[in-house]
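Given next are the chains, with one letter for each unit.
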Amino acid sequence: MSSNAIAIENLQREPQTWTEILHQWVTTVDHKRLGILYILYALSYLLIAGIEALIIRIQLMHSHNNFVSPQAFNRMFTMHGTTMIFFVAMPVLFGFANYLVPLMIGARDMAFPRLNAFSFWLTAIGGLLLYFSFLGGSGLYGAGNAPDVGWWSYAPLTAKAFSPGHSSDYWTVALLVSGFGSVGTAINILATILCMRCPGMHLGRMPLLVWLNLVMSGMVLIAVTPLTAAQVMLLIDRYLGGHFFDTQAGGSATLWMHFFWIFGHPEVYILILPAFAFVSEIVPVFSRKPIFGYPVMVGATIFIGFVSMSVWAHHMFTIGMNSYANSFFTITSMAVGIPTGIKIFNWIGTMWGGRIQFKTPMLFCLGFLFQFLIAGLTGIMLASSPFDWQLSNSYFVVAHFHYVIVGGILFALFAAFYYWYPKFTGRMLNERIGKLHFWLFLIGFHLTFDVMHIPGILGMPRRIYTYEPARGWDTLNLIVTIGAFIQALAILVFVCNLIVSYWRGARAGKDPWDAWTLEWSVSSPPPAYNFASIPAVASRRPLWDLKHPEDPDSRYE
Amino acid sequence: MRHGNKPTRRRAKRILALLFCYVTVAGAVTPRSPLSSTNIFAPASTPAKTIFDLSIFVLAVTLVIFVVVSSLLAYSAVKFRGRAADAGREPPQVYGSTQIELAWTVIPVLIVAVLFVATARVIHAIEDAPKPGQTLDVTVIGHQFWWEFRYPKLGIVTANELHIPASDPAHPTPTFLKLLSADTDHSFWVPELAGKTDLIPNRVNQMWLDPPRPGIYAGQCAQYCGTQHAKMLLRVSVDRPADFAAWVIAQQQAAAQDAREIAGKRVFETTACINCHAVSGTAASGRFGPDLTHLMSRATLASGAAENTPASLRLWIQNPDAIKPGSLMPAMKLSDADLDVVTAYLETLR
Amino acid sequence: MAGLIIAESAIFTIFVVAYLFYVGKSLTGPTPAQVLETPVFYTICLLSSSVTIHFAARSLERGRQAAFLGLWSLTVLLGGLFLFGTAEEWHRLIYEHGLTISTNLFGTTYYSMVGLHALHVTVGLLLLLTVLIFSLAGRLRQNESGRIGVLAMYWHFVDAVWVVVFTAVYIIGR
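Residues numbered from 1 in each chain as written. Chains lettered and ligands numbered in written order. Predicted model: local features only at pLDDT ≥ 70, side-chain atom pairs only at ≥ 80, totals over all residues.

**Things to note about the overall build of chain C**
- Tallying secondary structure elements over chain C gives six helices and zero strands in all.
- Starting at the N terminus and walking to the C terminus, you meet the elements of chain C as α-α-α-α-α-α.
- Taking the principal axes of the C-alpha coordinates as reference, chain C spans close to 55 × 30 × 20 Å.
- Taken over 174 residues, chain C has a buried fraction of 37%.
- Sequence-distant contacts in chain C: of pairs separated by 6 or more residues, those separated by 24 or more amount to 83%. (Helix = DSSP H or I, 4+ residues; strand = E, 2+ residues; numbered from the N terminus. Buried ≥ 20, exposed ≤ 12 C-beta atoms within 10 Å, placed from the backbone. Contact = placed C-beta atoms within 7 Å.)

**A few points about the overall build of chain A**
- When its secondary structure is counted, chain A shows 17 helices and zero strands.
- Taken over C-alpha atoms, the radius of gyration comes to 24 Å for chain A, in line with the 24 Å a tight globule of 557 residues would show.
- Classification of the 557 residues of chain A by burial places 62% in the buried group.
- Across chain A, contacts joining residues at least 24 apart in sequence account for 81% of those joining residues at least 6 apart. (Rg over C-alpha atoms; globule rule 2.2 N^0.38 Å.)

**With respect to the arrangement of the chains**
- By number of contacts, the leading pair among the two pairs of chains in contact is chains A and B.
- Chain B makes no contact with chain C; the smallest distance between any of their C-alpha atoms is 12 Å.

**Digging into the interface of chain A and chain C**
- Every contact between the two is made by 24 residues of chain A and, on the other side, 19 residues of chain C.
- Listing elements by their share of the side of chain A that touches chain C, those giving two or more residues are α5 (167–195), α6 (208–239) and α7 (253–287) of chain A.

**With respect to the interface of chain B and chain A**
- Between chain B and chain A, the contact holds 75 residues from the first and 77 residues from the second.
- Mapped onto the side of chain B that touches chain A, the elements with two or more residues apiece are α2 (46–79), α3 (98–127), β6 (186–189) and β7 (197–199) of chain B.
- At 16 residues, α3(B) tops the list of elements feeding residues into the side of chain B that touches chain A.
- Partitioning the side of chain B that touches chain A into residue classes produces 37 nonpolar, 27 polar and 11 charged. (Nonpolar A, V, L, I, M, F, W, Y, C, P; charged D, E, K, R; others polar.)

**Comments concerning the sheet that holds strand β8 (residues 205–209) of chain B**
Residues and elements named next belong to chain B.
- In spatial order, the strands read β3-β2-β1-β5-β8; together these five strands make up an open sheet with mixed pairing. The strands lining the two open edges of the sheet, one partner per strand, are β3 (156–159) and β8. On average, each strand axis in the sheet is inclined to that of its neighbour by 25°, with strand direction left out of account.
- Note: strand β1 (residues 136–143) against strand β2 (residues 146–151), five bridges, orientation antiparallel. (Pairing = 2+ DSSP bridges. Axes fitted to C-alpha atoms, helices over the stretch in contact; angles between N-to-C directions.)

**Looking at the environment of B:Q134**
- You can see B:Q134 is positioned in the loop between α3 and β1.
- Separated by 38 residues in sequence, B:Q134 and B:P172 place their C-alpha atoms 7.6 Å apart.

**Here we look at unusual backbone geometry**
- Cis geometry is found at the peptide bond from A:S524 to A:P525, where omega equals -5°.
- Looking at the secondary structure, you find A:P525 in the loop between α16 (474–504) and α17 (542–547).
- Geometrically, the link from B:Q144 to B:F145 is a cis peptide bond, its omega value of 5° lying close to zero.
- Tracing the chain through its elements places B:F145 in the loop between β1 and β2.

**Quick word on the confidence of the model for chain A**
- Per-residue pLDDT for chain A has a mean of 94; in total, 97% of the residues score no lower than 70.
- Per-element mean pLDDT across chain A ranges from 93 in helix α1 (residues 18–26) of chain A up to 98 in helix α13 (residues 395–425) of chain A. (pLDDT = per-residue confidence, 0-100.)

**Some points on the sheet that holds strand β4 (residues 161–165) of chain B**
All names here are of chain B.
- Pairing in this open sheet of five strands is mixed, and the strands run β4-β10-β9-β6-β7 from one edge to the other. Two strands lie at the open edges of the sheet, namely β4 and β7, each paired on one side alone. Going from strand to strand, the sheet's axes swing by 30° on average, the running direction of each strand aside.
- Two elements, β6 and strand β9 (residues 215–221), share two bridges in a ladder whose sense is antiparallel. For W189, the partnering residue across the bridge sits in β9 and is Q220.
- Sheet strands in contact with helix α4 (residues 241–252) are β4 and β10 (233–239), and its direction is about 130° off that of β4.

**Let's talk about α13(A)**
Residue and element names in this part refer to chain A.
- Along α13, the sharpest change in direction is near 40° and occurs at Y419; proline P422 comes one to four residues later.
- Here α13 lies mainly inside the structure; 29 of its 31 residues are buried.
- Immediately downstream of α13, the backbone of G426 shows phi near 80°, a positive value. (Bend = angle between axes of the 7 residues up to and from the residue.)

**A closer look at the nonpolar core**
- A:V279, A:I282, A:C365, A:I409, A:A412 and A:A415 are the most contacted members of the largest nonpolar core, which has 287 residues in total.
- The dominant element in this core, judged by the number of residues it contributes, is α13(A), at 23 residues.
- Not counting residues within four places of it along the chain, the set of residues in contact with A:I282 comprises A:P361, A:M362, A:C365, A:A415 and A:Y419.
- Judged by nonpolar contacts, the second largest core, of 18 residues, contains B:F268, B:L313, B:V342 and B:Y345. (Core = buried A, V, L, I, M, F, W, Y, C linked by C-beta atoms within 7 Å.)

**Overview of the packing of helix α2 (residues 31–59) of chain A against α16(A)**
Residues and elements named next belong to chain A.
- Between α2 and α16, whose axes approach to 9 Å, the crossing angle comes to 160°. In terms of orientation, α2 lies roughly antiparallel with respect to α16. The hand of the α2/α16 crossing is left-handed. Residue-level inspection shows G50, A53, L54, R57 and I58 of α2 in contact with α16, the latter providing V480, T481, A484, A488 and I491. (Parallel < 35°, antiparallel > 145°, perpendicular 65-115°, else oblique. Left-handed = near helix turned anticlockwise from the far one by under 90°.)

**Details of the packing of α2(A) against helix α4 (residues 113–136) of chain A**
All names here are of chain A.
- The geometry of α2 relative to α4 is characterised by a closest axis approach of 10 Å and an angle of 10° between their N-to-C directions. Considering the angle they form, α2 stands roughly parallel to α4. Facing α2, whose interface residues are H31, L34, L37, Y38, Y41 and Y45, α4 presents P113, N116, A117, F120, A124 and G127.
- For the contact of α2 with α4, the per-class residue count stands at nine nonpolar, three polar and no charged.

**Some remarks on the confidence of the model for chain C**
- With 100% of its residues at a pLDDT of at least 70, chain C reaches an overall mean of 93.
- Scored by ipTM, the complex comes to 0.93, with pTM at 0.93.

**Details of the pairing of β6(B)**
Residue and element names in this part refer to chain B.
- Both faces of β6 are covered, namely the face carrying H186 and F188 and the face carrying S187 and W189.
- In this sheet, β7 lies alongside β6 in antiparallel orientation, the contact comprising three bridges. When the bridges of β7 are listed, S187 appears paired with D198.

**Points about the pairing of β3(B)**
Residues and elements named next belong to chain B.
- Side-chain alternation along β3 places I156 and T158 on one buried face and V157 and A159 on a second face that is also buried.
- Summarising the sheet, β2 and β3 pair through four bridges and their orientation is antiparallel. Within the sheet, the bridge partner assigned to Y151 lies in β3 and is I156.
- Turn length for the β2-β3 hairpin, with the two strands adjacent in sequence and antiparallel, is four residues, and the turn residue G155 shows positive phi of about 70°.

**Comments concerning the environment of B:R203**
- Turning to its location among the elements, B:R203 is positioned in the loop between β7 and β8.
- For B:R203 and B:S181, which are 22 residues apart along the polypeptide, the C-alpha to C-alpha distance reads 7.9 Å.
- If we ignore the near neighbours within four places in the chain, the residues touching B:R203 are A:T254 and A:G320.

**A closer look at the environment of A:F396**
All names here are of chain A.
- If you trace the backbone, F396 turns up in helix α13.
- The exposure class of F396 is buried, given the 26 C-beta atoms found within 10 Å.
- C-alpha of F396 to C-alpha of L382: the two residues are 14 residues apart in sequence and 9.1 Å apart in space.
- Setting aside residues up to four positions removed in sequence, F396 forms contacts with L391, H453, G456 and I457.

The structure is reproduced here in structure tokens:
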């Protein structure tokens, strides 16, 4: 297997003007560049949605606060949620998948490079459209109107009668457009993984990251599309006089809920599987051992993929379903925790008996493991439907899902950034700043989201722009807000690290972490064609085999 | 001998004692809010209590899981950290273990089975509770952004503050709430009395309460319903049976007729007020807004957004956005004189 | 294409679920039993077009250009007839029975679901026509039969969806 770049003597390159560079980036179909575009796009929206979060937290700092009007607040939480899910989490995870999957399977690009580019630009336009609503939404309150119906857009609040103007439509159309982009990318990832693996890489030899993105893409196909369908129905209701969710005409508000959550629940598994992917690649390398129980990890992933499609109504425990329905969704929601728990055990099993290196990627993975454990357990609490009858729609739920998304997914993402940044850019991210970022963010995260569970238990509902002083929620909310600002600071530290290291970071070679998957066999950054000649593999850790010819993996599995 | 040692200490003790007395007395004389907390772990009714018992069990199980797994995590991070002496040597490459995998699959399955059985029993106990003979039936209709309460068998229509009788555990007289909505989704949540149940248009939901102790229980809408979702507050007044009976009788009367407030009544009846509001025994029979027949029997206005005082009432009529911006009550654009008389009239509706 | 079909199936499933959920729940207006006439002929047209496209694709694989052209044209014709039939039915429903998308729940769910299917037929027809034009211009070679096969898969999908929609509307829902 040879993957060195082909050296050409006396190669001369004309310096490129900035317009040429821009043109190349805008018209690229190279999976690596598209991956970077996705990631940069997501990072920009992370900052915007983060500011929206800070606005929310300032308003809720104490009771009867007046920082923003109720109308503005309602727009803030709607935009914060919508942006974070659709224009931060999805793009950044698709970006990493785009970059890494072809490299990890020994391919030169994705199966459909032009579809890849098209999907990215669809997503990008969706995000711009959503934010254009701040300028163009008009509506009952005058010009400048982003959607304010919550990121679930429940019917009939989104009916023309209750949401006049166009703010809801921006939500609907922006997500419709970016939804097509997501489906396009998912089709691409599926086709790439199923058809373009290098010789010797049968399905049982793919890196876990590839497996997890495979299952994730399959889920996107059948989970994002129900939302698309529901949004088309909503548009028909709002513009063609349809009655899908028109309760005055006999329509059903709960039908929207079912359709939305049939999308919404698998969506969060779509988000977490790539996070699992990162952890499954990073923990073994920094424990210096292979992943514990590879076949079980694959099986658990597939099981999660299927079972997660059957749990959606645990978001609807309070709508008055009968006891059989509530029981069914309780058992499935608890059941989906089993393979997830098994994964946690396997990661610990990977660390067990290893020689752990506490570099920044591993620190973030350890944070992930601890926090995802807690998030899973609060999830079990919420799965118990009577308990949920108290906790649902309260700050306990907000704390739970931020624990998963920030404490789980974002921590795993930070790990991924520190781990693969050298591969993408040829430079190492600064370790000391990385550790500062980690500790600062850890403290801010726990201050905010540990404490946030308590107002939920004390009866604080979500999506309220203010609260009564007599409730006793003031101090807790203040602490939550302080933590939010600490996290913001940590993010700034991170962004500085990204920027400064690009120019001043230590040069990274091909394989700075002494890792074992194919992307570490090419230069950093990889050449446009990835591999000079397509590699052939004989085990799950091709580079381990190369580095340890006396004891290759292929002898054991 | 050090100066001021003993006298200083004595003085300090005296100050502390005074401080303590102050705090105690202050605590005793500070008008304590009659409203309960909204703590889900302070149940005051059977549904809330049943949920509380289950939740303690679930918490205990998850706590044990947390302690075990996080200990393993911490232990492995500490015990197996790479030391400088090991640099360059790889640890034994272990790929997995079928027995361990089996063990940590079977145990979670058992835990889930236990949790599920415990949960299913509670679901059934609350949702399928048979309706005993002696119940109070109340229909709750959710509006943007207020609560309508109708007592069909008693002929009462009121708003925002629910009165129910305390239920003696020996002879239970629970209240069954039928939950409807006039516009968008809402959710009835009084944490100390029960879990929340949603009010969904074109759908009938049901829940029940049986609080044994009188008191005023706080809650609020728990499903985002629009701009003023945050101020759709709930007060549930659990009355001793005698008090409840008296309240019922008072509510069943038609509106009080006070001859002094004819001018205000005329303003009320000739302005758009009657399009939305009802005052029984008068021409006003609008149903879009709260029934005002016994407005003065309520402690708050605008579903808890303001205290029920003449000043608040006047401000509410003049400019609702000053109290609850985005509520559906329009500013009535009355002259100052008209405002004064209308307010005075409404003040007579006890 | 398999991926696309899976995704589209999910979208159609949601519309079918909505249709079946709302059967019998309209508060006013015409009911399916009152206004629907089973489009047997046009259904046969569409389902036959699956047969003709299958044989057309096979002909191209075997290099029989003339047979391909003939069968492909027949497919386009049959598909076009189906669309005409849908248009005819809608015209009747709207102008004779006053059933529109905003009339009642039946109207909303019927037009959305059948319309979504018709949209997919239209897109398919456009693609088929494009291939037809290329073929007539003599630019379609035997080695393109793989791509033709993929397009044929899409067309089969559209037909399969019609079977489901037909069952939901004319058999179950009436």
